[in-house]
Amino acid sequence: MKLLIFSDSHGRLDAMRRIARREAPERIVHLGDYASDALALAREFPEIPVSFVPGNCDGRTPYPDTLVETYEGVTLFMTHGHRYGVKRDLLHLSLAARESGAAIALFGHTHMPLLERDGELLLLNPGACQDRGAAPYAVVELENGRIVSCKLKTGRVTG
């Protein structure tokens, strides 16, 4: 299963649209700021399921701050990150992800792409996918209970 991971789009949808068409994922994950962008992607790509969490710029929403979902036998912990203090350190995020049994902790909030291993846990922040500059995002491929690949990419905006 190919997952396309976005975060911190802040109302700028064009890069995400182009990237979704190019990558042709089986699922899109949006990690907040703005949840409305995830809903817009779900409307535009009805054939692709979209999972999302709200961020600190979303205000009060009826959506959960954290999702724990399993695809292809791999459990993902998804959050924006502001409630876990990710601008300070990743300790609280790592602990919560481990407690949920996740193999991957997906988060945003810092606007900085990050892909690193913390023991058995993979920490992934796709960066801020906006229509300025690099428009970073991530692609995760899962198969038969394992992470086949995990890559940070750029949807560089031209013109």
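See above for the structure.
Residues numbered from 1 in each chain as written. Predicted model: local features only at pLDDT ≥ 70, side-chain atom pairs only at ≥ 80, totals over all residues. Heavy atoms only, no water.

A. Representation of the nonpolar core in the model. Leu4, Phe6, Ile19, Ile28 and Cys129 are the most contacted members of the largest nonpolar core, which has 20 residues in total. Counting only elements with at least two residues in this core, the list comes to β1 (2–6), α1 (14–23), α2 (35–44), β3 (50–52) and β9 (136–143). Discounting residues that sit within four places of it in the chain, Ile19 has contacts with Leu4, Phe6, Cys129, Ala135, Tyr137 and Gly155. (Core = buried A, V, L, I, M, F, W, Y, C linked by side-chain atoms within 4.5 Å. Buried < 20%, exposed > 50% of the residue type's maximum accessible area, 1.4 Å probe, protein only. Helix = DSSP H or I, 4+ residues; strand = E, 2+ residues; numbered from the N terminus. Contact = heavy atoms within 4.5 Å.)

B. Examining the pattern of salt bridges more closely. Summed over the entire model, instances satisfying the criterion amount to six salt bridges. The closest approach of N and O atoms between Lys2 and Glu23, which form a salt bridge, is 2.9 Å. Placement of the pair is Lys2 in strand β1 and Glu23 in helix α1, with a sequence separation of 21 residues. The partner of Arg17 in a salt bridge is Asp14, with the nearest N and O atoms 2.7 Å apart. Residue Arg17 and its partner Asp14 are located together in helix α1, separated by three residues, close to a single helical turn. Residue Asp14 is classed as partly exposed on the basis of its relative accessible area, which comes to 40%. Through salt bridges with shared partners, a single network forms among Lys2, Glu23 and Lys153. (Salt bridge = Lys/Arg side-chain N within 4 Å of Asp/Glu carboxyl O.)

C. Here's a closer look at the packing of aromatic side chains. Within the structure shown, the criterion is met by three aromatic pairs. Ring geometry for Phe77 versus Tyr84: centroids 5.7 Å apart, planes at 80 degrees, classification edge-to-face. Per residue, the accessibility class of Phe77 equals that of Tyr84, and both read buried. (Phe/Tyr/Trp six-rings, centres within 6.5 Å; stacked < 30°, edge-to-face > 60°.)

D. Spatial organisation of the sheet that holds strand β8 (residues 121–125). Strand order in the open sheet formed by five strands is β4-β5-β6-β8-β7, and the pairing between neighbours is mixed. Only two strands of the sheet have a single partner each, and these edge strands are β4 (66–71) and β7 (114–118). This sheet shows a mean twist of 20 degrees between the axes of neighbouring strands, independent of strand direction. In this fold helix α3 (residues 91–99) packs onto β5 (74–79), β6 (104–106), β7 and β8, with an angle of close to 125 degrees to the strand it touches most, β8. (Pairing = 2+ DSSP bridges. Axes fitted to C-alpha atoms, helices over the stretch in contact; angles between N-to-C directions.)

E. Region of interest: α1. Of all the residues in α1, the buried ones are Ala15, Met16, Ile19, Ala20 and Glu23. Buried residues of α1 fall within an arc of 130 degrees about the axis and therefore sit on the same side. Facing away from the buried side of α1, by more than 90 degrees, are the exposed residues Arg21 and Arg22. Where the residues of α1 are buried, they touch β1, β2 (27–30), α2, β9 and β10 (146–154). Two residues or fewer past α1, Ala24 is found with a positive phi of approximately 45 degrees. (Arc of directions from axis to C-beta.)

F. Representation of α2 within the structure. Residues of α2 that are buried: Ala35, Asp37, Ala38, Ala40 and Leu41. Tucked inside the fold, the buried residues of α2 contact β1, α1, β2 and β3.

G. Region of interest: the sheet that holds β1. One open sheet holds the five strands; their spatial order is β3-β2-β1-β9-β10, and the pairing between them is mixed. On the outer flanks of this sheet lie β3 and β10, each paired with one strand and no other. Looking at each pair of strands side by side, their axes are set apart by 20 degrees on average, direction ignored. Bridging between β1 and β9 involves four bridges; their strand directions are antiparallel. Pairing of Lys2 across the sheet is with Glu141, part of β9. Most of the contacts of α2 go to β3, to which it runs at about 175 degrees, and overall it touches β1, β2 and β3.

Nothing here speaks to function; it is geometry throughout.
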